[in-house]
Amino acid sequence: MNRTDGYLRFCKTLCLCSVLGCWCGTPIAADNQEAAYRTVTDAVIQSPPPGDWLMWRRTLDSWGYSPLDSINRNNVAELKQVWSRDLAPGIQEGTPLVRDGIMYMINPGDIIQAINAATGDQIWEYHRNLPEDLKQAVPFSEIKRNIAIYGHLIINTSGDDYVYAVDAVSGKQIWETQVQDYHTRPAQHSAGPIIADGKIISGRNCAVKGGPEACVITAHDPKTGKELWRTRTMEVYSGKHDSWGGIPDAERRQVGAWMVPSYDPVLKLIYMGTSVTAPTPKFLLAGNDKQYLYHNSTLALDPDSGRIVWYYQHIIDHWDLDHTFERIL
């Protein structure tokens, strides 16, 4: 699937349906949320309660599977809408998080809403002020698939290339850290981060004019926002064996990692997919016989250092058939 096929324009309504009270968990009133909020730890993320949805595909293995069984073949025909509310205008690809009856929904344009999942009532809304010239450098900067939750924070990567955290109870911004300058190294954050052993892990798509340093996977400290490491998705020119055929380092382009990664806490490996080069046909680069690492590959990274432990290149791609999508463990 070409990357543009994913820019689906959904209707801007979020609905919660129920079958005879199938919602698991007790709704929390807004004025009691702070006292009732339960901190999200690595152990909880690795083994979430059945009624919670704590990351993009619920669990770190990207299965997207819910163990809830209130809805079944016998009663599915009784589903009915119990509430709906508008989302912000724009290209909608968001997936909500749910923790103890509170839904945290990412909207286009870096808007995050906390919603009572039983009633649809809004608890708070965070609206990031994005620069007016952002779309000139990053045309689809409003797209976002997911956010992360950790400790007492909701964590996101922004359209203007920051990673930031807001308080899960109040929606107040706690910290922000610039990853790159979108003027000189434009990179689209269409996917948000995951939490892997207490680290914020995120990738990004990178524009051609951003060069190789825009194409990075990063780790940040969730408490402070401090950057812990960054790893390029393109092999660094060493002057010796080189899979890019000696193309100068500054001229390597656009191996993005814009989908949500997976994580294995037993093996302690992050799994991230990568995209094609630019240009895509390799005869326009250094010839069809080179690998151009690490394009169209699965990367397995050490969460502590960002080191690429191993890679598997699926195909040397001449046809813009990006291989970035989720890694189901």
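Keep in mind that this is a model prediction, so the values were computed, not measured. (Residues numbered from 1 in each chain as written. Predicted model: local features only at pLDDT ≥ 70, side-chain atom pairs only at ≥ 80, totals over all residues. Heavy atoms only, no water.)

A separate point is the confidence of the model for the protein. For the protein, the average pLDDT comes to 90, and 89% of its residues sit at 70 or higher. Confidence over residues 1-13 falls short of pLDDT 50; this stretch has 29 contacts with residues more than four positions distant or in other chains. In the model, residues 17-28 has pLDDT below 50 throughout and makes 29 contacts with residues more than four positions away in sequence or in other chains. (pLDDT = per-residue confidence, 0-100. Contact = heavy atoms within 4.5 Å.)

Residues Tyr104, Ile112, Ile149, Ile154, Ile155, Ile201 and Ile217 are the most contacted members of the largest nonpolar core, which totals 51 residues. The element contributing the most residues to this core is strand 9 (residues 162-167), with four residues. Each residue touching Ile217, except ones within four places of it in the same chain, is listed here: Ile201, Ser202, Gly203, Arg204, Trp229, Arg230, Thr231, Thr233, Ala257, Met272, Leu299 and Leu301. Membership of the second largest hydrophobic core comes to nine residues, among which are Met234, Ile247, Val255 and Leu285. (Core = buried A, V, L, I, M, F, W, Y, C linked by side-chain atoms within 4.5 Å. Buried < 20%, exposed > 50% of the residue type's maximum accessible area, 1.4 Å probe, protein only. Helix = DSSP H or I, 4+ residues; strand = E, 2+ residues; numbered from the N terminus.)

Attention shifts here to a nonpolar patch on the surface. Taken together, the side chains of Trp63, Tyr65 and Ile328 make up a nonpolar region of the molecular surface, amounting to roughly 380 Å² of accessible area. If you trace the backbone, Trp63 turns up in the loop between helix 2 (42-46) and strand 2 (80-86). (Patch = residues over 30% accessible without salt bridge, like charges linked within 9 Å, V, L, I, M, F, W, Y side chains within 5 Å. Areas by Shrake-Rupley, 256 points an atom, 1.4 Å probe, with all protein chains shown as cover. Salt bridge = Lys/Arg side-chain N within 4 Å of Asp/Glu carboxyl O.)

Here we take up the state of the cysteines. In the structure shown here, the tally under the stated rule is one disulfide. Shown here is the disulfide that connects Cys206 with Cys215, its sulfur atoms set 2.0 Å apart. Measuring the twist about the S-S bond at about 100°, one finds the Cys206-Cys215 disulfide to be right-handed. When sorted by exposure, Cys206 lands in the same class as Cys215, which is buried. (Disulfide = S-S within 2.5 Å.)

This paragraph deals with unusual backbone geometry. The linkage connecting Ala278 with the following residue, Pro279, adopts the cis geometry, with an omega of -5°. Tracing the chain through its elements places Pro279 in the loop between strand 18 (269-273) and strand 19 (297-301). In this chain, Leu293 is followed by Tyr294 through a cis amide linkage whose omega measures 10°. You will see that Arg58, though not glycine, has its phi angle at about 75°, which is positive. Along the chain, the position of Arg58 falls in the loop between helix 2 and strand 2. Taking relative accessible area as the criterion, Arg58 reaches 6% and is therefore assigned buried.

Attention now moves to the sheet that holds strand 16 (residues 227-232). In spatial order, the strands read 12-13-15-16; together these four strands make up an open sheet with antiparallel pairing. Each edge of the open sheet is held by one strand with a lone partner, namely strand 12 (194-196) and strand 16. Adjacent strand axes in the sheet meet at a mean angle of 25°, parallel and antiparallel pairs treated alike. Pairing geometry for strand 12 and strand 13 (residues 199-202), over three bridges, is antiparallel. (Pairing = 2+ DSSP bridges. Axes fitted to C-alpha atoms, helices over the stretch in contact; angles between N-to-C directions.)

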